[in-house]
Amino acid sequence: MKTATIVGAGLVGSLWAVYLEKAGYQVKIFELRDDIRNADISAGKSINLALSDRGWKALDTVNIGDDIREIAIPMTGRIMHSVKGELSYQPYGKEGQAIYSVSRGGVNAKMMDIAEKNGNAKIYYNQKCIGADLKNGIVYLENTLTKEKTEVKSDVVFGTDGAFSAIRYNAFQKIDRFNYSQNYINDGYREILLPANADGSYPLDKNALHIWPRGKFMLIALANEDGSFTCTLFMPFEGENSFETLTSKEAVDNFFKTTFADFYEMMPNIADAWEDHPLSSLAIVRCYPWTYGKTALMGDAAHATVPFYGQGMNCGFEDCTVMWDLMQKHNEDWDKVFEEYQTLRKPDGDGVQDLSLHNYHVMRDFVGDPNFLLQKKIEAHFSQKHPDKWLPLYSQVTFSNIRYSEAWKTGQKQDAIMKTVMAKFENIDSIWDSEEVENAILAEI
Ligand SMILES: Cc1cc2nc3c(=O)[nH]c(=O)nc-3n(C[C@H](O)[C@H](O)[C@H](O)COP(=O)(O)OP(=O)(O)OC[C@H]3O[C@@H](n4cnc5c(N)ncnc54)[C@H](O)[C@@H]3O)c2cc1C
């Protein structure tokens, strides 16, 4: 039987196991942690995530989309909360389009169940990858409980062990001419669980992603299935309005009371819950090559990004679709599959990182800016009239399978056009939906 090894049973590793099993491989998956199905899955990073079209496509390709739909909450737009507590709503796309809030642990556990169900995939826990022979498809492991060391050899190996990948660090980084960069942004994040109301109902509209944009920092909230919301505060580590200023209960209490007053009303005990989740950092990791010999990197191990477009997991899931298509195209000649995978996909790994950084600024600085909102309104109006000529950037990224690299290029062009057109008309506020503006955009395309 054909054999494959996967290092890391996170989101991408467990989905990729389902794919490989479908292709007839006997799959062994080695995971550093204990089985999350028996553990406290809320520990660690983001408790829930936004799943969008690329992710759904990858799940549907192996017929597991419907299993995940059972635990997904649609979010049709953003609701912005002003300092005064006023709410404004912006739809994400057209009628019927939505992104979906899913539980990281829930999705991961479902995919693990599905992968193991047919008996040809097995997950081994408390197994730390400590090295690899990339050329010959050998992975070196240590059992974190017994300290026993083992090695496993297979036809192909996949490193899906996340942003701080051990395969990448212990093996790829030893290859001559391997390029690698890791850049932390100035902001970190802390999660806060906003509980359900006493009667189990949601304290906020569950079908929207809530944002409290405050210039250099912001709070967001996504609904969980049990009536609660997972909220995340993104802000700089240092400086004015930073995590370093929120070191006492009193400071936290005061900060929320004055900055997020409507949130504070729902959660007056925020200071007590402040330390329930760790303060974490955010980085972009770029590297190349992504494949060597019998081994390939996928997901965050290849292209970890900051979470501001909600695309890290979606992009990792799309890696699976791309790799799968290439397996069919090259009849599982892995040398050819790996070569095309990395040349085709690397620009899109870069693209999703550029897009995520761009949206970091959009969400933090612009979603409350009237000019930005007007620009988006004009774009949406124009796009409705000329769908063949203009698909807004957010829709390209979230509601299409257009390559990330192309979306990023088109998005930059669109932005330049809009800046030119908006500067042309002093009274753009009042004539934004006029033929004049429409023609000015058409002239720039
Ligand atoms: C705050 C935050 C919010 C996010 N929000 C979104 C969102 O809304 N939408 C979205 O699409 N993406 C989002 N992301 C990104 C998403 O979390 C990642 O892109 C996704 O988890 C990548 O999946 P992965 O399987 O590649 O890596 P991971 O999910 O990190 O899985 C890696 C696995 O490898 C294991 N491992 C690590 N080291 C070893 C080792 N030495 N040996 C064996 N196993 C090992 C780990 O234990 C883990 O199980 C967010 C990220 C953050 C930080």
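Enquirer: Looking at this structure, I do not really get the side chain of Q342. What am I missing?
Expert: Looking at the secondary structure, you find Q342 in helix α11 (residues 334-366). The buried category is assigned to Q342, whose relative accessible area is 6%. A distance of 3.1 Å separates a polar atom in the side chain of Q342 from the backbone nitrogen of T291. If sequence neighbours within four positions are ignored, Q342 has contacts with Y288, P289, W290 and T291.

Enquirer: Is there a simple way to explain the environment of P268 in this structure?
Expert: One can find P268 in the loop between α7 (261-266) and α8 (270-273). Taking relative accessible area as the criterion, P268 reaches 49% and is therefore assigned partly exposed. The spacing of P268 and E240 is 28 residues in sequence and 23 Å in space, taken between C-alpha atoms.

Enquirer: Can you help me understand the pattern of salt bridges in this one?
Expert: Working definition: two side chains of opposite charge can pair if their charged atoms are close together. One pass over the structure, following the stated rule, counts 26 salt bridges. Its salt-bridge partner being E70, residue K110 comes within 3.1 Å of it at the nearest N-O pair. Of this pair, K110 sits in helix α4 (residues 104-117) while E70 sits in the loop between α3 (65-69) and β4 (73-75), and the two are 40 residues apart along the sequence. Classification of K110 by relative accessible area gives partly exposed; the value is 22%. E70 gets classed as exposed once you look at its relative accessible area, which sits at 57%. Put simply, R345 and E318 hold a salt bridge, and the shortest N to O gap is 3.0 Å. Placement of R345 in helix α11 and of E318 in helix α10 (residues 312-329) is noted, with a sequence separation of 27 residues between them. Assigned by exposure class, R345 and E318 land together as buried. Within the structure, one salt-bridge network assembled from shared partners comprises R54, E318, D319, R345, D348 and R403.

Enquirer: Just checking my understanding: could you explain unusual backbone geometry for this structure?
Expert: Negative phi values dominate among residues other than glycine, just as trans dominates among peptide bonds. With omega at 5°, the peptide bond leading from Y288 into P289 counts as cis. Looking at where P289 falls in the secondary structure, it is placed in the loop between β17 (280-288) and β18 (291-292). Of note in this structure, K147 is not a glycine but carries a positive phi near 70°. Tracing the chain through its elements places K147 in the loop between β10 (138-143) and β11 (149-153). Owing to a relative accessible area of 53%, K147 belongs among the exposed residues under this scheme. Its identity as a non-glycine residue notwithstanding, N331 has a phi of 50°, on the positive side.

Enquirer: When you look at the packing of aromatic side chains in this model, what are you seeing that I'm missing?
Expert: One pair of aromatic rings is described through two measures. These are the centre distance and the angle between the planes. Within this structure, the stated rule accounts for 29 aromatic pairs. Between F217 and F255 the ring centres are 5.6 Å apart and the planes differ by 45°, which places this aromatic pair in the tilted class. Residue F217 is found in the loop between β14 (208-213) and β15 (218-223), and its partner F255 is found in helix α6 (residues 249-259); the two are separated by 38 residues along the sequence. The pair formed by F217 and F255 is uniform in burial state, with each residue classed as buried. The interplanar angle of 45° and the centroid separation of 5.7 Å between the aromatic rings of F256 and F263 together place this pair among those described as tilted. A residue is classified by how much of its surface remains accessible, and F256, at 0% relative accessible area, is buried. Of the residues examined, F263 reaches a relative accessible area of 0% and is grouped as buried. Ring pairing ties together the aromatic residues W212, F217, F237, F243, F255, F256, F260, F263 and W274, which thus form one cluster. Positioned above the aromatic ring of Y404, the side-chain terminus of R54 is 4.0 Å from the ring centre. The ring of Y394 has R78 lying over it, and the distance from NZ or CZ to the ring centre is 5.7 Å.

Enquirer: Help me out: how do you make sense of the nonpolar core in this one?
Expert: Side chains of nonpolar character tend, in soluble globular proteins, to be buried together. Of all hydrophobic cores here, the largest spans 70 residues; its most connected members are W16 and F158. Leave out the neighbours within four places in its chain, and F158 touches A4, T5, I6, V7, W16, L20, A296, M298, M323, W334 and F338. Residues I99, L209, C315 and A407 belong to the second largest nonpolar core, which totals 29 residues.

Enquirer: Is there a simple way to think about α11 in this case?
Expert: Given 3.6 residues to a turn, an α-helix orients residues that are three or four positions apart in the same direction. Taking 1.5 Å per residue as the helical rise, α11 with its 33 residues ought to reach 48 Å, and the 45 Å between its terminal C-alpha atoms agrees with that figure. In α11, a bend of some 35° at R345 exceeds every other bend along the element, and P347, a proline, comes one to four places later.

Enquirer: What should I look at first to understand the pairing of strand β13 (residues 179-194) in this one?
Expert: Moving residue by residue along a regular strand, the side chains alternate between the two faces of the sheet. The pairing of β13 with β17 spans eight bridges and is classified as antiparallel. Looking across to β17, one finds that S181 is bridged to R286. With eight bridges joining them, β13 and strand β16 (residues 229-236) adopt antiparallel strand pairing. Of the residues in β16, the one forming a bridge with D187 is P236.

Enquirer: Please explain the sheet that holds strand β19 (residues 295-297) as it appears in this structure.
Expert: Backbone hydrogen bonds hold the strands of a sheet together, and the pairing may be parallel or antiparallel. If you trace the six strands from one edge of the open sheet to the other, you get β8-β2-β1-β12-β19-β18, paired in mixed fashion. Because the sheet does not close on itself, it has two edges, and the strands there are β8 (121-124) and β18. The strands touched by helix α1 (residues 11-22) within the sheet are β1 (2-7), β2 (25-30), β8 and β12 (156-159), with β2 carrying the most contacts at an inclination of about 165°.

Enquirer: I tried to follow α4 on my own but got confused; where do I start?
Expert: For α4, with 14 residues, the first-to-last C-alpha span of 20 Å sits near the 20 Å given by 1.5 Å per residue. Along α4, the residues classified as buried are R104, G105, V107, N108, A109, M111, M112, I114 and A115. Looking one or two residues beyond α4, the residue adopting positive phi is G119, at roughly 90°.

Enquirer: What should I look at first to understand the sheet that holds β17 in this one?
Expert: Spatially, β6-β5-β14-β15-β16-β13-β17 is the arrangement adopted by the seven strands of the open sheet, whose pairing is mixed. The open sheet terminates on both sides in strands that have one partner only, identified here as β6 (87-91) and β17. The mean angle between the axes of side-by-side strands here comes to 25°, regardless of whether they run parallel or antiparallel. Alignment of strand β5 (residues 77-81) against β6, held across five bridges, turns out to be antiparallel. Bridging from a neighbouring strand, R78 pairs with Q90 of β6.

Rules used throughout
Residues numbered from 1 in each chain as written. Predicted model: local features only at pLDDT ≥ 70, side-chain atom pairs only at ≥ 80, totals over all residues. Heavy atoms only, no water. Helix = DSSP H or I, 4+ residues; strand = E, 2+ residues; numbered from the N terminus. Buried < 20%, exposed > 50% of the residue type's maximum accessible area, 1.4 Å probe, protein only. Polar contact = N/O pair within 3.5 Å; in protein donor to acceptor, adjacent residues only side chain to side chain. Contact = heavy atoms within 4.5 Å. Salt bridge = Lys/Arg side-chain N within 4 Å of Asp/Glu carboxyl O. Phe/Tyr/Trp six-rings, centres within 6.5 Å; stacked < 30°, edge-to-face > 60°. Lys NZ or Arg CZ within 6 Å of the ring centre and 35° of its normal. Core = buried A, V, L, I, M, F, W, Y, C linked by side-chain atoms within 4.5 Å. Expected span 1.5 Å × (residues − 1). Bend = angle between axes of the 7 residues up to and from the residue. Pairing = 2+ DSSP bridges. Axes fitted to C-alpha atoms, helices over the stretch in contact; angles between N-to-C directions.

Structural measurements only, silent on function.
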